[in-house]
Each structure stands twice: as C-alpha cells, then as structure tokens.
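Descriptive structure summary
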Amino acid sequence: MGSDYKKTLNLPRTDFPMKAGLTTREPQQLAAWEKDHLYARIQEARKNAPPFLLHDGPPFANGDVHMGTALNKILKDLVVKSKTMAGFRAPFIPGWDCHGLPIEFKVVKEKAGLTPVQIRQRSEAYARKYIDLQREQFRRLGVFGDWDHPYLTLDPSYEADILRSFAVFIEKDLVYRSKRPVLWSYGAQTALAEAEVEYKDKESPAIHVAFEITASPVLPTNASVVIWTTTPWTLPANLAIAVSPKHTYSAQNFTKDGETRTLVLAADRAASFSAETGWMPQGEGQTFSGAALEGTITRHPFLDRPAPVLTADFVTMDTGTGCVHIAPGHGADDFQLGKARGLDILCPVDDLGLFTEECGVTAWVGKPVFAANPLVVEYVKSKGALLGVTSYQHSYPHCWRSKTPIIFRTVEQFFIRIEALRADALKAIKATKWIPDWGLKRITGTVESRPDWCISRQRSWGVPLPVFYRPDGEPILDANVVRRVADLVEKRGTNAWFEMSDPELAAMFGLPAGTTKGHDTLDVWIDSGLSHQAVLRRRPELAYPADLYLEATDQHRGWFQSSLITAMGIEGTSPYKTCLTHGFVVDVDTREKISKSAQGGYQKPTDAMHFVEKSGADLVRLWVSSVNFTDDVPFSEEMFNRLGDAYRRIRNTLRILLGNLHDYDPSAATEPTAIDRWVLARLAEVENTCRDAYEKFEFHRVYHALNQFCAVDLSSLYVDITKDRMYCHATENPRRRAAQAAMHEILSSLTRLLAPILAFTAEEAWSYFRPGISVHMELFPEKRIADPEALADGDRLLQIRALVSQALEKARAEKVITNNLEAAVTLQLADANERERWSSRLPELEEFLILSELHLEPGGEVTATISKTSAPKCERCWRHRGSVGQSATHPTLCDRCVAAVTL
RNA sequence: GGGCCUGUAGCUCAGUUGGUUAGAGCAUGCGCUUGAUAAGCGCAGGGUCACUGGUUCGAGCCCAGUCAGGCCCA
C-alpha cells in the first residue's frame, strides 16, 4: 500500500552520478574540451571584451609538477577563469625557462668530456622532455591556456629578442666589464656555481702571522697585529687587515723561548692564540675597541707595501685572532671590503692556479698555489713574522668534476649598472599594486640594496653574451653588431654562435681579422626577465604592460625584480600593473617547507600527479582554493582527504538540485513563500561575496562562502525544508513551482560560481543543466541587491528554529517522541505582531520547521513546548494530520495528499 | 646576523576603527531518518586567541621582547 503512494511522489530524478569518479571522468572531459578547442572558442567569444592580461612566469623545465608548482599554476588558472567569467578577455600563454645550470649540470654529470655544442644539444633535449611532461601535467590539472603555442626561452625568436634587448642596454651605456671574485676550479679551468661545489675534509697549514705596525692613532708602534690564515698562498695578495668594530682588542706582551713581543689581537681570542702558538701573555695589556683601530697602518710581512687596518662587520670571533687577513682578489668578503675602501683587486693567480709575476716573489712565479704553501710559510718565518704554524682540518670546497680544491679568484665579468636604473625602478615600484601590500616594502628593500647585476656566466647552456674581442683582448660592445647577431639567431638559434668559428663570425659581421667571440653566456635571469619583450611585446593577443604577475614570494628578488630592472632599461616603465605573491607549500605537521620535511627516511608524496591520480584534479583545485595563499600554504595528505568530504557535499548539493529540477517548467505559475525569498536573498549575498572575492583574488573566501552555502543554506535548510513541497505537493502546485524556480536560479549561479575552482565538476553539472554549452563560456551572475527584508525574516525564523530544535531534542531524549513529525509543538511568541503575522501563514511556518502540528500562543520569552501529537500519520507524506481518515477513497492520507493523488 | 612576513578550536578560515559569555564549515561524540541512501537532518563537546610584559576603564586586535616557522640576503 505504502509503496503505491510512493509512486505518486515527485522524487528527485537525475543521471548526474553521486559518485564522482573524477580519475576516469576528468580525462574524458579534457579530451572533449580539446576536441572542441574550448580555449580557442573562449578567446574568440571574448575577442572584443576588455583584456585582463596575466603573464605567466616561466617555471624551470626540470622535474615533475609538485604541489608547489601546481599551486602556482592553478592560482593563475583561477585568475584566468574567473576573469573570463567576469567578462574579460583573459588569454593565457604558458612559458618555460629552459636555459641554466641545473640542466647543464645534469647533462654534464651524465657524460664527461662533452663539447659546448654537445652540451647544448643534450640540454635542449632534456629541457624539451620536461616541457612536454609538465605541459601534460598542467593540462591534466584543468589549466586552460594556449598549450600548443607556449613561449620557450630557447625559441630562436625569444633568444633573438634577448640579444636585441642587450643591444639597447649597450646603447644606453648600461653594460660594463669589471673584475669579480668567483669560485674557480683550476683543475677544470672554469668558474663554478655553488651547486658544483662539493665539500670535503682537507688538511691545511694554519699560520699566525705578525704584521708590524708602522703608524697608529692609538696602538704602540712597536707592536704587531696578529692574523691567522689557513691559505698562506693568499698572503702575496694581502692588502689589508680587518677587525670587528664591535669587539674589544688588546695590545699585550707575549713571550716565547725568551723572546718578548707586543701583539695586538681580539681580547676574546688571546687564550686560544696562546694555546696554539705557545706565546704566553705577560702582565696587563691595554684594551681598545675595534673601532679605534681604524687608521692603524701595518707593514706587509714580506712585501714592501702597507696593510691598513679596516673595520668590517663580517669579522667574527669563532676562529683566528679577530684580525682578518684581507686579500680582495681571493674572497667575497675581502672583495666587497676592498671595493668599498678603494683597495686594489690583486689576484696574482692564473687560470691554472699558478702564481703570476704579480705575486711579488720571483721564485714563486709559475708555482701551483697549494704547492707554494710551504714556501710561503718558510718565507714568512725567515722574515721573523711567523708566530706559529699548526695543521688545520676543515671542510673545504672542491670541484665536483676535477675533485681539486677550489680557489677564489677574480676574473673579468660583465655587469648592468643598477645605479642608473634604481631611482626610476623605485618610482615604478611605488606605482605598482602589490598583493599582499607588504610586497611593496619587500621589493623596495631588495632594489634599494641590490648591487650591480653580474650578467655573465662561464657556461654553455644559455644565450651567448654577444661580445667579440679585439686581438688585444678588449671587448667590442657594439649595439649594431649585437643586432646583427640577433638576426642570425632569429634564423638559426643561438647554436650558430657556438658552431661558427671566429673567422666565420668575424667575416659575417665585418669585424677585423683576429677578432674572437666571447665564450660567456647570459645569466638566465636575463632570459626570463625579458619575457615582457619576447612575449608581451610580441604576442598579438598580449600587450605591454601586463595586468598581473603572480608568483611565489621568492620572486620579489627573482623574476619580479629581473623583469622590472630590464624593463626600466628598455621601456622606462614597469612591465606589470599588479604583482600578486603566494607562499610556499609547507607540511601541516611540522610547518616546514614540504621539500625540507621530505628529507630523510619516509618520503611523503609531493607530486601533484600522485593526488590527481588518487582523487582527481578538482580535489587539487579545491585545495588550492581553500587556503589563504598569501601565507605559507598548509598541506598534508590527511587535509587532502578531508577536502574530499567538502567536495562530496558540494557535489551532492548540485545533484539534489538537478534531481529536483527534472520536471522544471519555466513558464509555470509560482507562489514564493518567505523561505523562497530568503534563499534567493542569500544567493544574492553569496554571489556578491564571490564576485568580490574573485575580483580581489581571495579565492579562499569563495570556497568558504560556497561551501557554507551548500552545507548550511541549501543542504540543511532550503533543500531539507522544501522536500515536503517538492515531493508531496501536486506537480503543478505553484509553491512547488516556486521552489523549482528558486532552485533553478540557485543551480545556475552556484555552478557558474564554482566553475573556476571545480572546473571539471561544474562542467559536468552544467552539461545536465544546459546540455551542449560549456560553463566556461558563461558569465558570472550579475551584481544585485539581496532583499534585506527577506534576510531579516530568515534570521528570525532561524532563531525560532534553533529554539524548536533544542526543545525537540530534549523531548526525544525524554522519549516523548522519536521522530520530529510525531511532535505537536506549541510556540509561545511574545510579540503580538509577529504572532499575528505567522498565525495567518501557519503552514509556511510548519513547513519551515518541518513539523506536523504547530500552535502559536502568547507568552513572555519565546519558548517551545513539545507533546506527542494525537493525529494519525499520513501514509504518503508521513506528517501527522487531523485530516487523515476523512477521505473515503484514500482513508490513510491527509487532505493535501488526497488532493495531490486525485488530480 | 640583517630585511620582509606568519602563529585564533584536531583541520581550513572569519573576527569590522580595541568594547558585552571569541564565530563558521569540516572532523569527533550522541541521536533521528532510510523518499538526496556508499546520502540527509538535529543536538552536544571542544579555544588561558604561540609565550611574557606593557599601554588602556577595557586587547585576539595597539606597543616591546621571547619562542616557533617561512621567503630573501649575509
């Protein structure tokens, strides 16, 4: 009997599956989009719309897409998709950064003895392999863009634009050549990057050396300043001594073997000096602040020149004497100090690590520096300057390839003058919008303090630094020649530079015989930093400047800065209007960067595809949308699993709406109630919140607004409340039709608002709602005002509902009722107007509270009293109603249901 | 060591110009439902707002310091 009446109900009907099956459904969806040329169709549809240009920062073509990379690309996609749906033309041209050491390093490690041309061939193959791999993975994540025509920094046209930009730098006199210290492998005869250095234990002679004072504002002139060094071979290049301005120094008598000397060193280091050398302190010393020692002049222990005492912050008290031997040609700190204080940059060592004439001791010329160590020690001793010699075990950098110890030496490099650009760059920074706003301070700080930009690298896998050298070794910096090289590169790629011989190139560009090409490449930050020229200025669908650059916070010093500096040199304006940064993905348990915590035994999965294959791209996208990305982005597998619940809730909400709309008729007569007006007002609020949040790139606000709307407003309220109407009322009942009208509007808005985030699921739902049209071609709902009266009504009803729910729960605990529909509820309302209002619309209130029987009474406080109803249960709608039994044909139904089944 | 930033329930987020018992969703527990059913609904528990000190009639919010973490430098 009951099952017969069940057939008369309007239960939800839809083929939209409850189970998502994203891992199989998404690839099908992708194929369909692909076949449809959806990206191209969207661009075509928006071709006359105002543009919003997000310019993709190129990831390095190396490795799989991990969660950090996925975060970045999905955020960009959220921008592109939401701007598109907000009515903009938002093209996305993805790019890759292809040159650079990490690739060259891998290639060279695989096979030794390659020529530069071979290294470049293998590096290109390597880069292209990972471009293809990453492209497939980005696509799989549902990121829309012109994947068939990305920009690659190894494209000949891109490389040519780099060279043309370089020509502009030359014209504007922004390029110069100067010495700079580098890590040098004399074994491989090349400069090395940090990554190519291996640290190994090494035993070095450690010596204490006395520098006699020749003049001093404070120190006694019969004293000597004591330095300590583990690289005696750098003494010929000594030009100064550095002391810490913050520490205390003493001048004190020391004796050893009957000899007494007055020595100056840091007070804190005296004890270990004595222990290591056997020189014992005598009597009381005089103390001085390090700052007071400035102005003291000492004499080099074996060369006829002075070594002034200078103060420097980098001097520490960890080892040595607190007095640091300074050789500007052989150390980074030394070099900086030397430059700042106007010292020479003396570097008497050649490519092979052999002393040159400049070392000042004829006998040492041509000797390998490490082999010369004992000679230097002996010489210092012979001059009476040696206070002690020990052997010192330390971790010392070695060349990964030749395994030889590394030396610091200065070589000629090319630089871009930052000073000429700094003031304008700082102005442009102020005119740019930074999100979050502290980005302004951060990039201002880096640009203010940044030294000149060293742009030359002694590498093969890169764009050649387009410089020729005259026979006398002088570089030829000629913009016109560089432009002609660019034209060559445009046709043949930069390989031409490496493949063609010096005479061929000289002949081609009309340079005198004997001219040679340079072997340096450009810093890869020049490559990516010039994308505003090679991409924004070149692609017809793009323009200069971009509306938005969006990268991780490390790019304040990286791409944001390199792009800005190069743009100042060429355009004089900023290449972007807004810069948006996101944090790094961190492990939620340790709050450490995910790549760090992955070190050691158990490796937590961090590849994006691991999660795509496990749960689907929409889950990864939902994760991206759910977090506040301006800080570090928390991540854990558990958190990811939790998001699955949120996803299912949203999916089921879409499903029930679709199910309830199976017989939707837009022309049907409707009769909306308070709850219908309320839910539409709430929808308007949610729409406005989402539009605003998308506009401000605050995607987590979209996520939370939509998640709560689905979970609370729809699932636990509106859908639950309207079930009785939807299922039990006659099909054409105007209130039922009103609920459908509301649900239709809700589904339409909700799906479109979800579309940028749940790109696949929204499309799937839309295919049931509007078959044949992609949701990604649609626009967001228009801005509108949420009816304040309807909202206020709803708030009041919710208060009453909370009260009644508590009372019902209590009654259930006391076994008065088990099911809410068994309850007869008496509601005491103090406000006579309110009582009056709802008395006339009691059925609406009953519906809202999902009750069988409700009575209103005057009272003080608002309270609800529960008793068990005496009315019989309607077999069709399960409500207990007095009218059950009145119909002869349907004795087990209430009057409403009788009417519904007899229609 | 320096610059910039972060720290609110188990998790993700709200907390308006400092103002009554700090909010929401998820998760958890206990019920209800079996006509969204590998679904749905209700109720409940859970936070000395990183820590310490200060300004104030009053601080999650302002100030100083400490601790933890991040990015970039050194």
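Residues numbered from 1 in each chain as written. Chains lettered and ligands numbered in written order. Predicted model: local features only at pLDDT ≥ 70, side-chain atom pairs only at ≥ 80, totals over all residues. Heavy atoms only, no water.

**A short note on the overall build of chain A**
The helix and strand inventory of chain A stands at 31 helices and 30 strands. Computed over its C-alpha atoms, the radius of gyration of chain A comes to 39 Å, more than 25% above the 29 Å expected for a compact globule of 903 residues. Referenced to the eigenvectors of the C-alpha coordinate spread, the extents of chain A come out at roughly 130 × 75 × 45 Å. When each of the 903 residues of chain A is scored for burial, the buried share is 57%. In chain A, the proportion of contacts linking residues at least 24 apart, taken out of those at least 6 apart, comes to 77%. Total accessible area computed for chain A in this model is approximately 37,900 Å², and 51% of it derives from carbon and sulfur atoms. Computing the positive centroid from 105 side-chain charges and the negative centroid from 114, chain A places the two 2 Å apart. (Helix = DSSP H or I, 4+ residues; strand = E, 2+ residues; numbered from the N terminus. Rg over C-alpha atoms; globule rule 2.2 N^0.38 Å. Buried < 20%, exposed > 50% of the residue type's maximum accessible area, 1.4 Å probe, protein only. Contact = heavy atoms within 4.5 Å. Areas by Shrake-Rupley, 256 points an atom, 1.4 Å probe, with all protein chains shown as cover. Lys, Arg positive; Asp, Glu negative; His and termini not counted. Charge placed at Lys NZ, Arg CZ, Asp CG, Glu CD.)

**Comments concerning the pattern of salt bridges**
One pass over the full model with this rule turns up 59 salt bridges. Notably, a salt bridge pairs Glu 294 with Arg 341, separated by 2.8 Å at the nearest N-O pair. Within this pair, whereas Glu 294 is found in the loop between β11 (280-289) and β12 (297-299), its partner Arg 341 is found in helix α9 (residues 332-341), the two being separated by 47 residues in sequence. Given a relative accessible area of 27%, Glu 294 falls into the partly exposed group. According to the relative accessible area criterion, Arg 341 is partly exposed, its value standing at 36%. A salt bridge links Arg 457 to Asp 523; the nearest nitrogen and oxygen atoms lie 3.5 Å apart. Taken as a pair, Arg 457 in strand β19 (residues 456-457) and Asp 523 in the loop between β23 (521-522) and α16 (524-529) lie far apart in primary sequence, 66 residues in all. (Salt bridge = Lys/Arg side-chain N within 4 Å of Asp/Glu carboxyl O.)

**Structural notes on the packing of aromatic side chains**
To describe a pair of aromatic rings, you give the distance between the ring centres and the angle between the ring planes. Per the stated rule, a full pass over the model turns up 32 aromatic pairs. With 6.0 Å between their ring centres and 55° between their planes, Phe 468 and Phe 509 make a pair best called tilted. With Phe 468 in strand β20 (residues 468-469) and Phe 509 in the loop between α15 (502-508) and β22 (516-517), the pair connects residues that are 41 residues apart, well separated along the chain. Note on Phe 468: relative accessible area 1%, which makes it buried. (Phe/Tyr/Trp six-rings, centres within 6.5 Å; stacked < 30°, edge-to-face > 60°.)

**Section: the environment of Ala 669**
Locating Ala 669 in the fold gives a position in the loop between α22 (637-660) and α23 (674-695). Judged by its relative accessible area of 55%, Ala 669 is exposed. Not counting the four nearest positions on each side in its chain, Ala 669 is found in contact with Pro 734 and Arg 737.

**Digging into the sheet that holds strand β21 (residues 475-476)**
Read from one edge of the open sheet, 3 strands run β21-β20-β22, paired in antiparallel fashion. With partners counted over all chains shown, the strands left at the sheet margins are β21 and β22, one partner each. (Pairing = 2+ DSSP bridges.)

**A look at the nonpolar core**
Core analysis: the largest hydrophobic core is formed by 142 residues, its most contacted members being Leu 141 and Trp 623. No other element matches the 12 residues that helix α24 (residues 699-721) contributes to this core. Those residues within four positions of Trp 623 in sequence are excluded, and the remaining contacts are Met 67, Leu 71, Val 585, Val 633, Pro 634, Phe 635, Met 639, Phe 640 and Leu 643. Trp 33, Ile 93, Trp 434 and Leu 522 belong to the second-largest nonpolar core, a separate cluster that totals 75 residues. (Core = buried A, V, L, I, M, F, W, Y, C linked by side-chain atoms within 4.5 Å.)

**As for the environment of Asp 36**
Its location among the elements puts Asp 36 in helix α2 (residues 22-36). With 738 residues separating them in the primary sequence, Asp 36 and Ser 774 have C-alpha atoms 9.9 Å apart. Among the polar contacts listed, one links the side chain of Asp 36 to the side chain of Arg 41, at a separation of 3.0 Å. (Polar contact = N/O pair within 3.5 Å; in protein donor to acceptor, adjacent residues only side chain to side chain.)

**Remarks on the packing of helix α28 (residues 788-813) against helix α30 (residues 842-849)**
Put simply, α28 and α30 touch, their axes get as near as 10 Å, and they point 60° apart. One way to sum up the angle between α28 and α30 is to call them oblique. Judged by the sense of rotation from one axis to the other, the crossing of α28 with α30 is right-handed. Of the residues in α30, those touching α28 at Leu 797, Leu 798, Ile 800, Arg 801 and Val 804 are Leu 845, Phe 848 and Leu 849. Across the contact of α28 with α30, the residue classes break down as 7 nonpolar, no polar and 1 charged. (Axes fitted to C-alpha atoms, helices over the stretch in contact; angles between N-to-C directions. Parallel < 35°, antiparallel > 145°, perpendicular 65-115°, else oblique. Left-handed = near helix turned anticlockwise from the far one by under 90°. Nonpolar A, V, L, I, M, F, W, Y, C, P; charged D, E, K, R; others polar.)

**Re the confidence of the model for chain A**
In this model, chain A carries an average pLDDT of 90, and 97% of its residues clear a pLDDT of 70 or more. Residue range residues 597-602 is modelled with pLDDT below 50. Its contacts to residues more than four positions away, or to other chains, number 5 contacts. Taken together, the chains of this predicted complex give a pTM of 0.90 and an interface ipTM of 0.95. (pLDDT = per-residue confidence, 0-100.)

**Quick notes on the sheet that holds strand β30 (residues 863-868)**
The strand order β29-β28-β30 describes an open sheet built from 3 strands, whose pairing is mixed. Here the strands that pair on one side only, and so sit at the sheet edges, are β29 (853-858) and β30. Mean inter-strand twist for the sheet, computed between neighbouring axes without regard to direction, equals 20°. Inspection of the sheet shows strand β28 (residues 823-829) paired to β29 by 6 bridges, in the parallel sense.

**Observations regarding unusual backbone geometry**
Following Ile 435, the chain continues to Pro 436 via a peptide bond in cis, the omega torsion being -10°. Looking at the element boundaries, Pro 436 is found in the loop between β17 (433-435) and α12 (439-449). The amide bond that connects Tyr 544 to the next residue, Pro 545, takes the cis arrangement and shows omega of -5°. One can find Pro 545 in the loop between α17 (531-536) and β24 (546-552). Of note in this structure, Phe 697 is not a glycine but carries a positive phi near 60°. Within the secondary structure layout, Phe 697 lies in the loop between α23 and α24. Even without glycine at this site, Lys 815 takes up a positive phi of about 65°. Assignment of secondary structure puts Lys 815 in the loop between α28 and β28.

**Structural notes on the packing of helix α26 (residues 734-754) against helix α27 (residues 759-769)**
Two numbers describe how α26 lies on α27: the axes approach to 9 Å, and their chain directions differ by 150°. In terms of axis orientation, α26 runs roughly antiparallel to α27. In this structure, α26 meets α27 at a crossing whose hand is left-handed. Contacts between α26 and α27 pair His 744, Leu 747, Ser 748, Thr 751, Arg 752 and Leu 754 from the former with Ala 762, Ala 765, Trp 766 and Phe 769 from the latter. Grouping the constituent residues of the contact of α26 with α27 by class yields 6 nonpolar, 3 polar and 1 charged.

**As for the environment of Val 686**
Note on placement: Val 686 falls in helix α23. Classification of Val 686 by relative accessible area gives buried; the value is 3%. Excluding residues within four positions of it along the chain, Val 686 makes contact with Leu 706 and Phe 709.

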